[in-house]
Amino acid sequence: GVGMGMTAPVSITAFPAEDGSFQQKVKVFLRIPSQFQDNPPCPTDESVKIEERQRMTIYSTQFGGYAKEADYVSYAAKLKAALGSDAAYRKDFYLCNGYDPPMKPYGRRNEVWFVKE
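Presented here is an overview of the structure given in this document. (Residues numbered from 1 in each chain as written. Predicted model: local features only at pLDDT ≥ 70, side-chain atom pairs only at ≥ 80, totals over all residues. Heavy atoms only, no water.)

**Concerning the overall build of the protein chain**
Right, on to step 1. If you tally the helices and strands in the protein chain, you get one helix and five strands.
Right, on to step 2. The order of α-helices and β-strands along the protein chain, N terminus first, is β-β-β-α-β-β.
Right, on to step 3. Summarising its shape, the C-alpha atoms of the protein chain cover approximately 45 × 35 × 25 Å along the three principal directions.
Right, on to step 4. A burial count over the protein chain gives 27% of its 117 residues as buried.
Right, on to step 5. Long-range pairs, those at least 24 residues apart, make up 62% of the contacts in the protein chain between residues at least 6 apart in sequence. (Helix = DSSP H or I, 4+ residues; strand = E, 2+ residues; numbered from the N terminus. Buried < 20%, exposed > 50% of the residue type's maximum accessible area, 1.4 Å probe, protein only. Contact = heavy atoms within 4.5 Å.)

Okay, here's the thing in structure tokens:
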């Protein structure tokens, strides 16, 4: 019953298939606002869970526009190529992040994150 408003980024965990496309399984994360961090309200929907993300170091790339799955897949491939074979990061998933509300037409920010091992 508590309204928290929209937070940024909205983060989607993508589990890439062999061809780089998303598998059907994805997780969507929304940041809990600061004032609710110590005592977050309990979700009333059983499919909504509160998880604490552990501290992480990431490799990141940024791009603009209204991001679609194909954009995230493309920028993940570019980030992978830029890192080469020497960088150690999780290969079983990556994070797709959007920072802007849908009604913001210009200056949009999206990122792909690889989590460093």
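**Quick word on the environment of P9**
Right, on to step 1. By secondary structure assignment, the location of P9 is in the segment before strand 1 (10–16).
Right, on to step 2. P9 gets classed as buried once you look at its relative accessible area, which sits at 18%.
Right, on to step 3. In sequence terms P9 and K104 are 95 residues apart; their C-alpha atoms lie 14 Å from each other.
Right, on to step 4. In this view, P9 contacts F29, R31, N97, G98 and Y99; residues no more than four positions away in its chain are not counted.

**Topic: the nonpolar core**
Right, on to step 1. Membership of the largest hydrophobic core comes to 13 residues, with the highest contact counts inside it found for F22, Y72, L83, Y94, C96, V112 and F114.
Right, on to step 2. Among the elements of the structure, helix 1 (69–83), strand 4 (94–98) and strand 5 (110–115) are those that each provide at least two residues to this core.
Right, on to step 3. Aside from chain neighbours lying at most four places away, what touches F22 is A14, F15, E69, Y72, V73, Y94 and C96.
Right, on to step 4. If you look at the next biggest cluster of nonpolar residues, it comprises five residues, including F93, L95, W113 and V115. (Core = buried A, V, L, I, M, F, W, Y, C linked by side-chain atoms within 4.5 Å.)

**What to know about the environment of K78**
Right, on to step 1. With respect to the helices, strands and loops of the structure, K78 is situated in helix 1.
Right, on to step 2. When its relative accessible area of 47% is taken as the criterion, K78 is described as partly exposed.
Right, on to step 3. The spacing of K78 and T61 is 17 residues in sequence and 8.5 Å in space, taken between C-alpha atoms.

**Side note on the pattern of salt bridges**
When their charged atoms lie close together, side chains carrying opposite charge are able to pair.
Right, on to step 1. Tallied over the full model, the rule gives five salt bridges.
Right, on to step 2. Close ionic contact of K27 with E51 constitutes a salt bridge, the shortest N to O distance being 3.7 Å. Remark: E51 occurs in the loop between strand 2 (22–30) and strand 3 (58–63) and K27 occurs in strand 2; sequence separation between them is 24 residues.
Right, on to step 3. For R90, the salt bridge goes to D92, with nearest N and O atoms at 2.6 Å.
Right, on to step 4. Judged by relative accessible area, which is 40%, D92 ranks as partly exposed. (Salt bridge = Lys/Arg side-chain N within 4 Å of Asp/Glu carboxyl O.)

Nothing here speaks to function; it is all geometry.
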